[in-house]
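Secondary and tertiary structure notes
Below are the chains, spelled out letter by letter.
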Amino acid sequence: MMQHHVKDLALTEKGKDRIEWAMQTMPVLQLIRERFSKEKPFKGLRIAACLHVTTETANLAITLRDGGANVVVCGSNPLSTQDDVAAALVQEYQIPSFAIKGEDNKTYYSHILAALNTRPQITMDDGADLVTTILTERKELIPEVQGGTEETTTGVIRLRSMAKEGVLKFPVISVNDADTKHMFDNRYGTGQSTVDGVIRATNLLLAGMRVVVCGYGWCGRGVAMRVRGLGADVIITEVSAVRALEAVMDGFRVMPMQEAAKIGQLFVTVTGNKSVIRKEHFEAMPSGAILANSGHFNVEIDIPALEAMAKSKRRIREFVDEYSLNAGKRIYLLGEGRLINLASAEGHPASVMDMSFANQALSVEYLVKNRSKLQNQVYPVPPDIDQEVARLKLKSMNAEIDVLSQEQDKYLNSWAEGT
Ligand SMILES: NC(=O)c1ccc[n+]([C@@H]2O[C@H](COP(=O)([O-])OP(=O)(O)OC[C@H]3O[C@@H](n4cnc5c(N)ncnc54)[C@H](O)[C@@H]3O)[C@@H](O)[C@H]2O)c1
């Protein structure tokens, strides 16, 4: 048996069934897998994927493996691993995996190091942990790395600052910047799965609740849209005037966090920023306030400040911690402040990850083919890949579109045609 560290290999059968179930709604990735199986574009290539270990990630890993790659998988968050999937990857699909749901931080980093021990030539990140670890602790691996891909907003922000400071040592493709990624995954994926996570953790009725969504970016728009759909009274907090204006015109109330804190009942952070909800806000909140985060890191809610204010803490439900503060006030934190959609639910539905992971798979192929032309920078997904993913997804949904006539094409492309 190959090297691995998963919770329990006896979970393999369940994981395999769920992986197959997910693949049924990943038609674009399925097409890519069929092509890769024939063409073997990654023959012998070592790929390390540090992603949320879900059924969708398993299908991406299998796709790369079928393309000839030697793939290793580790988790990109201590609380997002699906243990049955990790087991199936090892036992059923012969893909070494290092990920256990609920692992402590030390184990989490030991898993990243274990994946790096395979000396990857391609890194695939969700949050830039592989790249960061290579550049700080495993510099001897740099010469062998041809490039990487990055899945999420926060990871892209980290990578751009590395490139700006000249410390990035290989090209990375920002999959998050593809339209067919962030417009759908971040908005509809995070929107639906965050609500799913909150409901599974709490069994709350959202109708009639005052829900504060912090951040009106791609994810925040999705969360706000979906909680409103369930009848909640939604309040937005923002730091960008443009995004706040958009929220106002979308019909939401916008106010500073200090004001929202006084009246909110459920708070959801999706900013990619730190300490968005902090001590002065906990102090202003009514007793019973519930806090959840769906941004990448568990820093959006200042948990150390909440811990310091608390007189006691108990786990009242599986993903709900109750903090007792002064004067009998209670505040509830869901999923330890980690991405709630992956902590208490299953992350994004496969149908939306189909597009994100199609971009991932095709971006790796592009990296391998174009390595010699790329600098040590962060690159967008090539527009033709983005368009191809959209085209294939539409086709799978039996939706057809019009084609420009010659006359229209000329009209749109010539300055002389303006009448
Ligand atoms: N849960 C998931 O599965 C999932 C999926 C995709 C992205 N993400 C993560 O979600 C986070 C947000 O991603 P995005 O694509 O929506 O980013 P985005 O840049 O589109 O939006 C973030 C928004 O937050 C706002 N913001 C920043 N600081 C703030 C503050 N203190 N108070 C209020 N608003 C603030 C910004 O102005 C911006 O409008 C990132 O960490 C990203 O990695 C999570």
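As shown above, the structure is provided for reference.
Conventions we followed
- Residues numbered from 1 in each chain as written.
- Predicted model: local features only at pLDDT ≥ 70, side-chain atom pairs only at ≥ 80, totals over all residues.
- Heavy atoms only, no water.
- Buried < 20%, exposed > 50% of the residue type's maximum accessible area, 1.4 Å probe, protein only.
- Helix = DSSP H or I, 4+ residues; strand = E, 2+ residues; numbered from the N terminus.
- Pairing = 2+ DSSP bridges.
- Phe/Tyr/Trp six-rings, centres within 6.5 Å; stacked < 30°, edge-to-face > 60°.
- Axes fitted to C-alpha atoms, helices over the stretch in contact; angles between N-to-C directions.
- Parallel < 35°, antiparallel > 145°, perpendicular 65-115°, else oblique.
- Contact = heavy atoms within 4.5 Å.
- Nonpolar A, V, L, I, M, F, W, Y, C, P; charged D, E, K, R; others polar.
- Near = heavy atom within 4 Å.
- Polar contact = N/O pair within 3.5 Å; in protein donor to acceptor, adjacent residues only side chain to side chain.

1. Things to note about the pairing of strand β13 (residues 320-324)
Of all 5 residues that make up β13, 5 are buried, and the element is covered over most of its length. Side-chain alternation along β13 places Val320, Glu322 and Ser324 on one buried face and Asp321 and Tyr323 on a second face that is also buried. Judged from the 5 bridges that link them, strand β12 (residues 312-317) and β13 form a sheet pairing that is antiparallel. Considered in β13, the bridge of Arg314 is made with Glu322. Linking β12 back to β13 in an antiparallel pair, the connection comprises 2 residues. Direction of pairing for β13 relative to strand β14 (residues 330-334): antiparallel, over a ladder of 5 bridges. Pairing of Val320 across the sheet is with Leu334, part of β14.

2. Quick look at the packing of aromatic side chains
A full pass over the atoms with the stated rule returns 4 aromatic pairs. A ring pair is formed by Phe36 and Phe42, whose centres lie 5.0 Å apart and whose planes are at 80°; its orientation type is edge-to-face. Grouping residues by exposure puts Phe36 and Phe42 together as buried. Residues Phe184 and Tyr188 carry aromatic rings whose centres are separated by 6.2 Å and whose planes lie at 35° to one another, so their mutual orientation is tilted. Separated by 4 residues within a single helix, Phe184 and Tyr188 lie in helix α8 (residues 179-202), roughly one turn from each other. Judged by its relative accessible area of 26%, Phe184 falls in the partly exposed class.

3. Examining the sheet that holds strand β9 (residues 253-254)
The 8 strands lie next to each other as β9-β8-β7-β10-β11-β14-β13-β12, forming an open sheet whose pairing is mixed. The sheet is open, and its two borders are formed by β9 and β12, each paired with just one other strand.

4. Quick notes on the packing of helix α1 (residues 12-23) against helix α3 (residues 55-66)
For the pair α1 and α3, interaxial distance at closest approach is 8 Å and the crossing angle is 80°. Between α1 and α3, the angle falls in the class roughly perpendicular. In this structure, α1 uses Arg18, Ile19, Ala22 and Met23 to contact α3, whose residues at the interface are Thr55, Glu56, Ala58, Asn59, Ile62 and Thr63. Among the residues forming the contact of α1 with α3, the class breakdown is 5 nonpolar, 3 polar and 2 charged.

5. Observations concerning unusual backbone geometry
Look at Ser275: it is not a glycine, yet its phi comes out positive at around 50°. As for its position among the elements, Ser275 is in the loop between β10 (266-269) and α12 (279-284).

6. Examining the sheet that holds strand β3 (residues 97-98)
Here we have 7 strands laid out as an open sheet, ordered β3-β2-β1-β4-β5-β6-β15, and parallel in their pairing. One side of each edge strand has no neighbouring strand; the edge strands of this open sheet are β3 and β15 (378-380). As defined by bridge partners, strand β2 (residues 70-74) adjoins β3 across 2 bridges and the pair is classed as parallel. Looking across to β3, one finds that Val73 is bridged to Ser97. Along the sheet, helix α5 (residues 105-116) makes contact with β1 (46-50), β2 and β3, crossing β2 at roughly 170°. Seen against the sheet, helix α15 (residues 350-370) touches β1, β4 (122-125), β5 (147-150) and β6 (172-174) and runs at an angle of roughly 160° to β5.

7. Quick word on the site of the ligand
Around the ligand, the surrounding shell holds 25 residues, and the nearest of these are Thr152, Thr153, Thr154, Glu238 and Ser294. Glu238 places a side-chain nitrogen or oxygen 2.5 Å from an oxygen atom of the ligand. Taking Asn273, its side chain carries an N or O atom lying 3.1 Å from a nitrogen atom of the ligand. Mapped onto the shell around the ligand, the elements with two or more residues apiece are α7 (153-164), α8 and α9 (218-229). Tallied by class, residues from the shell around the ligand come to 6 nonpolar, 17 polar and 2 charged.

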